[in-house]
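As a plain string of letters, each chain reads:
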Amino acid sequence: MKKLIQSLTETFSPSGYESAIREFIRSEVEPLADEVRVDALGSLIARKGAIGKNGRRIMLAAHMDEIGLIATHIDENGFIRFTSIGGVHPLTLAGGRVHFANGTQGLIGMERGIHANTMPVLSECYIDIGAASAKDCPVKVGDVAAFERPFLDLGRRLVAKSMDDRIGCAVLIETMHQLKTSPHELYFVFTTQEEIGTRGATTSAYGIDPEIGLSVDVTTTGDTPKSRPMAVSLGKGPAVKVKDGGMLSDPRIVEWMCSTAEKKRIPYQREVLESGSTDARAIQMARAGVPAGCLSVPCRYVHTPSEMVDYEDVQNSVKLLLALLSAPVNI
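The structure presented is a predicted model; accordingly, all values stated were derived computationally and were not measured.

Draft legend 1. Just the nonpolar core, in detail. Within the largest apolar cluster, 56 residues are counted, with the highest numbers of intra-cluster contacts made by Ile-5, Ile-25, Leu-60, Met-163, Phe-188, Phe-190 and Leu-321. Beyond its immediate sequence surroundings of up to four residues, Phe-190 is in contact with Ile-25, Val-29, Ser-43, Leu-44, Ala-62, Met-64, Cys-169, Leu-172 and Ile-173. In this structure, Ala-71, Ile-80, Ile-127 and Phe-147 belong to the second largest nonpolar core, which totals 20 residues.

Right under this line is the structure:
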C-alpha cells in the first residue's frame, strides 16, 4: 500500500479544491465498483454489491480534502498574507513550504519581533514566493495553497503532509481491492470539505440514506513525550471511537467493531477524543438518523505538515473493515 499512500498524500487538494485527488481515487476504484458517481458537493461515491440475506445498506466515508491556506492580501513588496482552510496551527508554520494550485511555490515567514515564547497568530505570518513587488506576484487574493512536504518512508512508520485523511482513503481503496463477498450494499464515499465542517458527508449521507455508517479517519495519540494523556498509541492497532468532540458513537456499532476485532484477533484500541470530529457526525444526523461509528487510524502530529502513522495499524484497519463487511450485522 505504500505506493498508493504516497500518491494520495502528495496530491494537491485542499478543502473545496478536491478535483485532483478525486480523479486519482476514481481511477483506482472504478474497476472495483458496480457504480461510481460524483454528487453536487464533489464527493466520490462508489457502490459495490447489493443487499443480500441479512444484508444492510452501509456507508463508509473517508475525506479527500486536506487543510490549506488561502491568500487574503498581497502587499507592495509581493508578500502574501493568508488565512486558514481548516485547522492550521501557526506554531507549525515557520519555515514551511507551500504549493499553490497554479504551481507557484513559496515558504512561510513570520514578522520580526515575535517573542520566542509567544504563540504566533496567523495574522503575523506571510508567504514569500521570491517576488520583488506585487506586480511580480503570480498569486492573487483567493488563491489556495497546500503544504509542500514529500512522503517519508521510515519503514514501519510513514510520514506525509496529508495523512489526515488520505490514509483513510487508502484504507477504503485497499478494502475494495481485497473484499471478495459481502451480504451488504456498500457505499465507499470519498468526501469533500470535511476539514471545514463535514460538508461533503452531510450531502452524500442524505443522498445514500444508509442504514449503518462508518467513517475512517485519523485520531491523535498520547504516546509522545509529555503529551496529553490519551489511551491511543501508534502500533497498537486501529482505534474504535467511542466519543469525540462532535459525536457519541452508537454503542451497538462500538460493540460490533470491538467484538469482531476480538474474534478475528486483530489488535485494536478504544478511543475517546476530547475535541474534533469526523464524517461520522454528519452521517449520524442524516435524515431520520443513522447508527454510526468511526474506525480511527492513530496518527501523531495531526494537522501539521508532517503527520505520522504506523503501517501495521493501517494494514490492521483494512483487516478489521474486511471482517466487518464480510458478514451479516446483528444491530
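Draft legend 2. Summary view of the pattern of salt bridges. As enumerated under the stated definition, the model contains 16 salt bridges in all. A salt bridge links Glu-30 to Arg-26, with the shortest nitrogen-to-oxygen separation between them at 3.3 Å. Arg-26 sits in the partly exposed class, given a relative accessible area of 22%. In this structure, Arg-47 and Glu-35 form a salt bridge, with 3.0 Å as the shortest nitrogen-oxygen distance.

Draft legend 3. Structural detail: the sheet that holds strand β14 (residues 239–243). With mixed pairing, the 8 strands of this open sheet are ordered in space as β1-β2-β12-β3-β13-β16-β14-β15. Both outer strands of the open sheet, β1 (35–38) and β15 (269–272), are each paired with one neighbouring strand and no more. Across the sheet, the axes of successive neighbouring strands diverge by a mean angle of 25°, strand direction being ignored. In the sheet, strand β2 (residues 44–48) pairs with strand β12 (residues 185–191) via 5 bridges, with the strands oriented antiparallel. Within β12, the position partnered with Ala-46 by the bridge is Phe-188. Where helix α2 (residues 19–29) meets the sheet, its contacts fall on β1, β2 and β12, and the angle it forms with β2 comes to roughly 10°.

The rules behind each value
- Residues numbered from 1 in each chain as written.
- Predicted model: local features only at pLDDT ≥ 70, side-chain atom pairs only at ≥ 80, totals over all residues.
- Heavy atoms only, no water.
- Core = buried A, V, L, I, M, F, W, Y, C linked by side-chain atoms within 4.5 Å.
- Buried < 20%, exposed > 50% of the residue type's maximum accessible area, 1.4 Å probe, protein only.
- Contact = heavy atoms within 4.5 Å.
- Salt bridge = Lys/Arg side-chain N within 4 Å of Asp/Glu carboxyl O.
- Pairing = 2+ DSSP bridges.
- Helix = DSSP H or I, 4+ residues; strand = E, 2+ residues; numbered from the N terminus.
- Axes fitted to C-alpha atoms, helices over the stretch in contact; angles between N-to-C directions.

In short, geometric facts, not functional conclusions.
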